[in-house]
2 protein chains.
Amino acid sequence: MEKFYRVKPEVRILGFDDGPFKRSDKDVLVVGVVYRGGSFLDGVVSTKVNVDGLDATRKLVTLVKKTRFKDVRVIMLDGLAFGGFNMVDMEALHEKTQLPVIAVTRDMPDFAKISKALDHLPNKKKRWRCIEKAGEPVAVATKPGRRIYMQYSGLRQEDAAAIVRLSATHSLLPEPIRVAHLVAQGIVLGESKGKA
Amino acid sequence: MEKFYRVKPEVRILGFDDGPFKRSDKDVLVVGVVYRGGSFLDGVVSTKVNVDGLDATRKLVTLVKKTRFKDVRVIMLDGLAFGGFNMVDMEALHEKTQLPVIAVTRDMPDFAKISKALDHLPNKKKRWRCIEKAGEPVAVATKPGRRIYMQYSGLRQEDAAAIVRLSATHSLLPEPIRVAHLVAQGIVLGESKGKA
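Residues numbered from 1 in each chain as written. Chains lettered and ligands numbered in written order. Predicted model: local features only at pLDDT ≥ 70, side-chain atom pairs only at ≥ 80, totals over all residues. Heavy atoms only, no water.

A. Here's a closer look at the relation of the copies chain A and chain B. In screw terms, the move from chain A to chain B is a rotation of 180 degrees and a rise of 0.0 Å along the axis, fitting with an RMSD of 0.0 Å. The symmetry that links the two subunits is that of a two-fold axis. Take the interface residues of chain A: 100% of them recur as interface residues in chain B, which is what a same-surface contact looks like. (Least-squares fit on C-alpha atoms with pLDDT ≥ 70 in both. Contact = heavy atoms within 4.5 Å.)

So this is what it looks like as structure tokens:
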């Protein structure tokens, strides 16, 4: 459990999002951007994970462990799943990287719908466990009266909320997530379409 | 010739850089980022051009003409060549997009060396013409006592210099060029290595 005595405005955040994909694709691009708080970009990493696969956690752990961006203090995820339902085990990601992890979503996840979708995939139990372990999403107001949702692992709720708020400089979403989204879209589609 | 009555701090700049490549590769990733001046990222576009090919100008014209980022006011390039010696004809890029174009380089280009390298490629005359037409590089101090070089087409030198200076917020290079470089590297290599 990381305790931030004071969350610095330039805390290095590595934010991940996946690109667009078709169900028939084998894998999907995952982009990570290193941001100084919500202010500017320090670097970019990327990998691929299988669509509806089970390798997302392992791929992120490998990427984070070998990165030259040693000053990263927090990992952020755009939701818990990449490439469809390739779920990230936040607790394992935290334990294996020794970095706190925050997953953010614009809206409250519809767990009944997710559970139904998982019925069509192998290893439902394993995937569902990632959702359960991530805990109940918590609302965070990143602009007056406008909330997004977060799940967190390896840090205190108040610190996670502080990091989400300080990095949401240009939209409701933290800048590392907004930018990772635009980069992944722009590379895969040739042009980014809109907000994360 | 675009005349900026006042260069706005949030002028939308579309900055391009290419990714790393091997001479044996057929083509190379070219990334464009839309920035509001030197402050933050609005969008990402991408295309591919042939290594040592002749399609860079045409590919950029197509991309700029079809982009949904209609508020772009200036195109920036990391040098005049993408994918080795696939030269951009700045004048044609300006005329066909009706946007001013600025090419920046960290150091003064070594034209004797470039000329020699072009001897080994077909269409030397056509490639060299792009360099001639771009004009003599002009020094611009983006930090006190630290200069970079620019060539420009379709705007006044003082406006080009103002745009370069206002967008160089986090390094000697304009932010759109620095970030396009990091994105292209991060996608192609899996991790960005350093400055543009």
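What follows picks up the thread again.
B. Geometry of the sheet that holds strand β9 (residues 146-153) of chain B. If you trace the seven strands from one edge of the open sheet to the other, you get β3-β2-β1-β4-β7-β9-β8 (chain B), paired in mixed fashion. A strand with exactly one partner marks an edge of an open sheet, and here the two such strands are β3 (40-50) and β8 (138-143) of chain B. Geometrically, the sheet is characterised by an average inter-axis angle of 30 degrees between neighbouring strands, direction not taken into account. Packing against the sheet, helix α6 (residues 175-189) of chain A makes contact with β2 (27-36) and β3 of chain B, and its axis sits at approximately 25 degrees to β3 of chain B. (Pairing = 2+ DSSP bridges. Helix = DSSP H or I, 4+ residues; strand = E, 2+ residues; numbered from the N terminus. Axes fitted to C-alpha atoms, helices over the stretch in contact; angles between N-to-C directions.)

C. Inspection of the interface of chain A and chain B at higher detail. Each partner contributes to the interface: chain A provides 27 residues, whereas chain B provides 27 residues. Contact between chain A and chain B buries roughly 2100 Å² in total, counting both sides, with carbon and sulfur atoms accounting for 53%. Along the contact surface separating chain A from chain B lie zero salt bridges. Viewed at the interface, chain B and chain A are joined by 18 residue pairs in polar contact (both at pLDDT 80 or more). Where the side of chain A that touches chain B is concerned, the elements lending two or more residues are β2 (27-36), β3 (40-50) and α6 of chain A. (Buried area = accessible area lost by both parts, 1.4 Å probe. Salt bridge = Lys/Arg side-chain N within 4 Å of Asp/Glu carboxyl O. Polar contact = N/O pair within 3.5 Å; in protein donor to acceptor, adjacent residues only side chain to side chain.)

D. Main features of the packing of helix α3 (residues 111-118) of chain B against helix α4 (residues 124-134) of chain B. All names here are of chain B. Look at α3 against α4: their axes get within 10 Å of each other, and the N-to-C directions meet at 160 degrees. Taken together, the axes of α3 and α4 lie roughly antiparallel to each other. Handedness of the crossing formed by α3 with α4: right-handed. Residue-level contacts link Phe 111, Ile 114, Ser 115 and Leu 118 of α3 to Lys 124, Arg 127, Trp 128 and Ile 131 of α4. Among the residues forming the contact of α3 with α4, the class breakdown is five nonpolar, one polar and two charged. (Parallel < 35°, antiparallel > 145°, perpendicular 65-115°, else oblique. Left-handed = near helix turned anticlockwise from the far one by under 90°. Nonpolar A, V, L, I, M, F, W, Y, C, P; charged D, E, K, R; others polar.)

E. Inspection of α4 of chain B at higher detail. Residue and element names in this part refer to chain B. If you check which residues of α4 are buried, you get Arg 127, Cys 130, Ile 131 and Ala 134. End-on view of α4: buried residues confined to an arc of 95 degrees, all on one side of the axis. Projecting away from the buried face of α4 at angles above 90 degrees are the exposed residues Lys 125 and Lys 126. In the core, the buried residues of α4 are packed alongside β6 (86-87), α2 (90-97), α3 and β9. (Buried < 20%, exposed > 50% of the residue type's maximum accessible area, 1.4 Å probe, protein only. Arc of directions from axis to C-beta.)

F. Representation of the pairing of strand β8 (residues 138-143) of chain A within the structure. The pairing of β8 of chain A with strand β9 (residues 146-153) of chain A spans five bridges and is classified as antiparallel. From the neighbouring strand, Ala 141 of chain A faces β9 of chain A, where its bridge partner is Arg 147 of chain A.

G. Summary view of the sheet that holds β9 of chain A. Residue and element names in this part refer to chain A. Strand order in the open sheet formed by seven strands is β3-β2-β1-β4-β7-β9-β8, and the pairing between neighbours is mixed. Two strands bound the open sheet, and with one partner strand each, they are β3 and β8. Between one strand axis and the next, the sheet turns through 30 degrees on average, direction left out of account. Pairing analysis gives four bridges linking strand β4 (residues 72-78) to strand β7 (residues 101-105), with the strands arranged parallel. When the bridges of β7 are listed, Ile 75 appears paired with Val 101. Contacting β1 (12-18), β2, β3 and β4, helix α1 (residues 56-66) runs over the sheet at an angle of about 140 degrees to β3.

That's the geometry; what it means functionally is another story.
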